[in-house]
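Coordinate analysis (summary)
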Amino acid sequence: KMAETCRRLIFEEQDILGVVISMPKALRAVLDFHHYPAAVEKFLAECLIANTLMASRINQEGELTTQLNAGGSIKMLVAKANEKLNIRGVAQFDVMADQQQLSVDFSSAQLMITFSPKKRGKITQSIVDIHAGSVSESLERYFLQSEQVPSLIFLDHAQGFGLLLQKMPEREGFDTQQWAKFRENLNHIRLEKPVLDFESWLKVNFSDQLIRVFDPEPIRCVCPCSQERMLAALKTLSQEDIDDLIKEHGSIEIVCEYCLHEYQFSASELD
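It should be emphasised that the depicted structure is a prediction, and the values quoted were computed from it without experimental measurement. (Residues numbered from 1 in each chain as written. Predicted model: local features only at pLDDT ≥ 70, side-chain atom pairs only at ≥ 80, totals over all residues. Heavy atoms only, no water.)

The helix and strand inventory of the protein chain stands at nine helices and 14 strands. Viewed in the frame of its principal axes, the protein chain has a C-alpha envelope of about 70 × 40 × 35 Å. Here the protein chain holds 271 residues, and 48% of them are scored as buried. In the protein chain, the share of contacts with a sequence separation of at least 24, taken over all contacts with a separation of at least 6, comes to 62%. (Helix = DSSP H or I, 4+ residues; strand = E, 2+ residues; numbered from the N terminus. Buried < 20%, exposed > 50% of the residue type's maximum accessible area, 1.4 Å probe, protein only. Contact = heavy atoms within 4.5 Å.)

And the structure:
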């Protein structure tokens, strides 16, 4: 029994691949850096879980980003995960907006999904319309329309839990009745606490299926910010701007927007 893990699945008799993740502590660690209203926390949590599910499908080094596009009162919402399933995320919002306005603006926005390879390679990007305010439904539509891959996505932001099921694209034949039954099962799931034992949970919810579960992969909240990265960011400023800041404050302080870690640089360090 392990929390904070990702497990890949194969439904042996159905030609279905899957991923199941439980990341309540890692998710909470990301969210607790900031104080979000309930609506923003829910949307960011769902995007973080969904982005981690999608990142688990990647078989090369790089980072997957799910980002809100044109979110109105939600000025920024970013969820990131790399191939090691190190996650981070942040949101910025209009503090004057109420929960209803935040929800309306999220529902009328789009999700931009970007994969940036670590080494040389093509950056890929897709735009997903948000359907009825549902991250899972929006991504299901995206996989079906853009990749022709029938997909089922279950997200529980309160418990940090996610499940992704997809038909193997190269296989012929598809049991639509069984697929409809899976969807019905997922529509009725209500989690009261985090899932720690994936095998037992799968047996309860897919009792008639032969499922192979692969070894667990850890999920961690990791912010890659560092002194070196912040110095690199400062190099983009002009010498004049740096001199003005030092003259005014005696040093320069930069705060990481993800984890809020503070970095201070003296005049001699900047020289």
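This is not the end of the story, as more comes after the structure.
Right, let's talk about the nonpolar core for a bit. Counting 62 residues, the largest nonpolar core has Met-23, Leu-77 and Phe-106 as the members making the most contacts within it. If sequence neighbours within four positions are ignored, Met-23 has contacts with Glu-4, Leu-48, Ile-49, Thr-52, Ile-87, Gly-160 and Ile-219. Ranked by size, the runner-up nonpolar core spans 20 residues in total, among them Ile-16, Trp-179, Leu-186 and Ile-211. (Core = buried A, V, L, I, M, F, W, Y, C linked by side-chain atoms within 4.5 Å.)

The subject of this paragraph is unusual backbone geometry. A positive phi angle, near 55°, is found at Asp-15, a position not held by glycine. Within the secondary structure, Asp-15 sits in the loop between strand E1 (5-11) and strand E2 (16-22). The residue Ala-70 is not glycine, and still its phi comes out positive at about 60°. Among the structural elements, Ala-70 can be located in the loop between strand E3 (62-69) and strand E4 (74-82).

As a further point, take the pairing of strand E14 (residues 262-266). Here E14 shows a clear split, with Tyr-263 and Phe-265 buried on one side and none of Glu-262, Gln-264 and Ser-266 buried on the other. Here five bridges tie strand E13 (residues 251-255) to E14, and the two strands are oriented antiparallel to one another. Within the sheet, the bridge partner assigned to Ile-254 lies in E14 and is Tyr-263. Linking E13 back to E14 in an antiparallel pair, the connection comprises six residues, with Leu-260 at a positive phi of about 65°. (Pairing = 2+ DSSP bridges.)

Okay, the packing of helix H2 (residues 38-55) against helix H3 (residues 99-107) next. A pair of packed helices is characterised by two quantities: the angle between their axes and the separation of those axes. Running from amino to carboxyl end, H2 crosses H3 at an angle of 30°, the nearest separation of the two axes being 8 Å. With respect to their mutual orientation, H2 and H3 come out roughly parallel. Residue-level inspection shows Ala-38, Ala-39, Val-40, Phe-43 and Cys-47 of H2 in contact with H3, the latter providing Gln-99, Leu-102, Ser-103 and Phe-106. In the contact of H2 with H3, the residues fall into seven nonpolar, two polar and no charged. (Axes fitted to C-alpha atoms, helices over the stretch in contact; angles between N-to-C directions. Parallel < 35°, antiparallel > 145°, perpendicular 65-115°, else oblique. Nonpolar A, V, L, I, M, F, W, Y, C, P; charged D, E, K, R; others polar.)

A few words on the sheet that holds strand E12 (residues 220-221). Spatial strand order, E7-E6-E3-E4-E5-E12: six strands in an open sheet with mixed pairing. If you trace the sheet from one side to the other, it starts and ends with strand E7 (124-129) and E12, each paired once. Pairing geometry for E3 and E4, over five bridges, is antiparallel. Paired with Gln-67 across the strands is Val-78, a residue of E4. Each of strand E6 (110-117) and E7 touches helix H4 (residues 135-146); the most contacted strand, E7, lies at about 120° to it.

For the rest of this paragraph, the subject is the pairing of strand E8 (residues 151-156). E8 sits mainly inside the fold: six of its six residues count as buried. With six bridges joining them, E8 and strand E9 (residues 161-167) adopt antiparallel strand pairing. Considered in E9, the bridge of Asp-156 is made with Phe-161. The antiparallel hairpin formed by E8 and E9 contains four residues in its connecting segment, where Gly-160 sits at a positive phi of about 65°.

Attention shifts here to the packing of helix H1 (residues 24-31) against H2. With their axes 11 Å apart at the nearest point, H1 and H2 run at an angle of 130° to one another. What the angle tells us is that H1 and H2 run oblique. With respect to the hand of their crossing, H1 and H2 are arranged in right-handed fashion. Note on element contacts: H2 touches H1 through Glu-41, Leu-44, Ala-45, Leu-48 and Ile-49, opposite Leu-27, Arg-28, Val-30 and Leu-31. Of the residues belonging to the contact of H1 with H2, the class tally is seven nonpolar, no polar and two charged. (Left-handed = near helix turned anticlockwise from the far one by under 90°.)

With respect to the helices, strands and loops of the structure, Leu-139 is situated in helix H4. What makes Leu-139 buried here is its relative accessible area of 2%. For the pair formed by Leu-139 and Gly-250, sequence separation is 111 residues and the distance between their alpha carbons is 49 Å. Those residues in contact with Leu-139, other than ones at most four positions away along the chain, are Ala-50, Met-54, Ile-113, Val-128 and Ile-153.

Shape descriptors only; they carry no functional weight alone.
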